[in-house]
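Below, each chain spelled out in residue letters.
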Amino acid sequence: MAERVGLSLRTVRYYEEAGLLTTAGRTPGGFRLYGDESVDRLMVIKKMKSLGFTLEEMRSLLSVRDELASSGIPDERRGELRELLRTWVVLAEEKLATLRAQAGVAEDFVIGLHTDADRSV
DNA sequence: TTTCTCACA
DNA sequence: TGTGAGAA
């Protein structure tokens, strides 16, 4: 699984210990078994990580996702979960706005360096 | 090659 | 928030 998603073995196990990942059981010898949903989860985790979300935040979002995907949820609870998901959308959009602003700074900086370089010829 | 645990940053 | 090392 670590190889599939491009994480170290230690990291994948650490995420399990941190409650972000559930194994689909073990072999008789104790080896971890992973299902396809583990790939999904790890992709979400990787993206959130790169955006600077904490493990706790990942846990939070993943649990909402899980519950929403489970069956037999009362409509009222469903509404709550949808609402929670919307707050995550907002948080992600905030990250996006911050990064865009940073990209703008980087762009200006590079342009400035180019003009410096050109002038110094 | 895996697992777990303890230490370390 | 991870990683390294040792032992089983």
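Structure first, text after, so check above.
Rules of the game
Residues numbered from 1 in each chain as written. Chains lettered and ligands numbered in written order. Predicted model: local features only at pLDDT ≥ 70, side-chain atom pairs only at ≥ 80, totals over all residues. Heavy atoms only, no water. Near = heavy atom within 4 Å. Polar contact = N/O pair within 3.5 Å; in protein donor to acceptor, adjacent residues only side chain to side chain. Nonpolar A, V, L, I, M, F, W, Y, C, P; charged D, E, K, R; others polar. Core = buried A, V, L, I, M, F, W, Y, C linked by side-chain atoms within 4.5 Å. Buried < 20%, exposed > 50% of the residue type's maximum accessible area, 1.4 Å probe, protein only. Helix = DSSP H or I, 4+ residues; strand = E, 2+ residues; numbered from the N terminus. Salt bridge = Lys/Arg side-chain N within 4 Å of Asp/Glu carboxyl O.

Undergrad: Can you walk me through the protein's contact with DNA strand B in this structure?
TA: If you check the shell around DNA strand B, you find L9, R13, R26, G30, F31 and R32 and nothing else. What you see for DNA strand B is that sugar and phosphate hold 94% of its atoms within 4 Å of the protein. Contact distances for DNA strand B include 3.0 Å between a phosphate oxygen and a side-chain N or O atom of R26. R32 places a polar side-chain atom, nitrogen or oxygen, 2.4 Å from a phosphate oxygen of DNA strand B. Broken down by class, the residue content of the surface near DNA strand B amounts to two nonpolar, one polar and three charged.

Undergrad: Just to check I follow, could you spell out the nonpolar core for this structure?
TA: Note on soluble globular proteins: their nonpolar side chains tend to be buried together. Within the largest apolar cluster, 19 residues are counted, with the highest numbers of intra-cluster contacts made by V5, L7, Y15, L20, L42, I45 and M48. Elements represented by at least two residues in this core include exactly α1 (2–5), α2 (9–17), α3 (36–50) and α4 (55–69). When residues in this core are grouped by element, the largest group, five residues, is from α3.

Undergrad: Would you take a moment to explain the protein's contact with DNA strand C for this structure?
TA: Taken together, S8, R10, T11, Y14, Y15, K49, T54 and L55 make up the full set of residues near DNA strand C. The sugar-phosphate share of atoms of DNA strand C within 4 Å of the protein amounts to 45%. Between DNA strand C and Y15, the relevant distance is 3.1 Å, taken from a phosphate oxygen to a side-chain nitrogen or oxygen of the residue. Within the backbone of L55, a nitrogen or oxygen atom sits 3.0 Å from a phosphate oxygen of DNA strand C. The element that contributes the greatest number of residues to the surface near DNA strand C is α2, accounting for four residues. Each residue belonging to the surface near DNA strand C can be placed in one class, and the counts come to three nonpolar, three polar and two charged.

Undergrad: Explain the pattern of salt bridges to me, please; I cannot follow it from the model alone.
TA: Side chains that differ in charge, positive against negative, can pair when their charged atoms come close. As enumerated under the stated definition, the model contains eight salt bridges in all. Between D36 and R4 there is a salt bridge, with its nearest N and O atoms 4.0 Å apart. Here D36, found in helix α3, pairs with R4, found in helix α1; they are 32 residues apart in sequence, far enough to count as distant. Here R77 ties to E67 by a salt bridge, and the two come within 2.6 Å at their closest N and O atoms. Residue R77 is found in helix α5 (residues 75–119), and its partner E67 is found in helix α4; the two are separated by ten residues along the sequence. The class of R77 is partly exposed, set by a relative accessible area of 28%.

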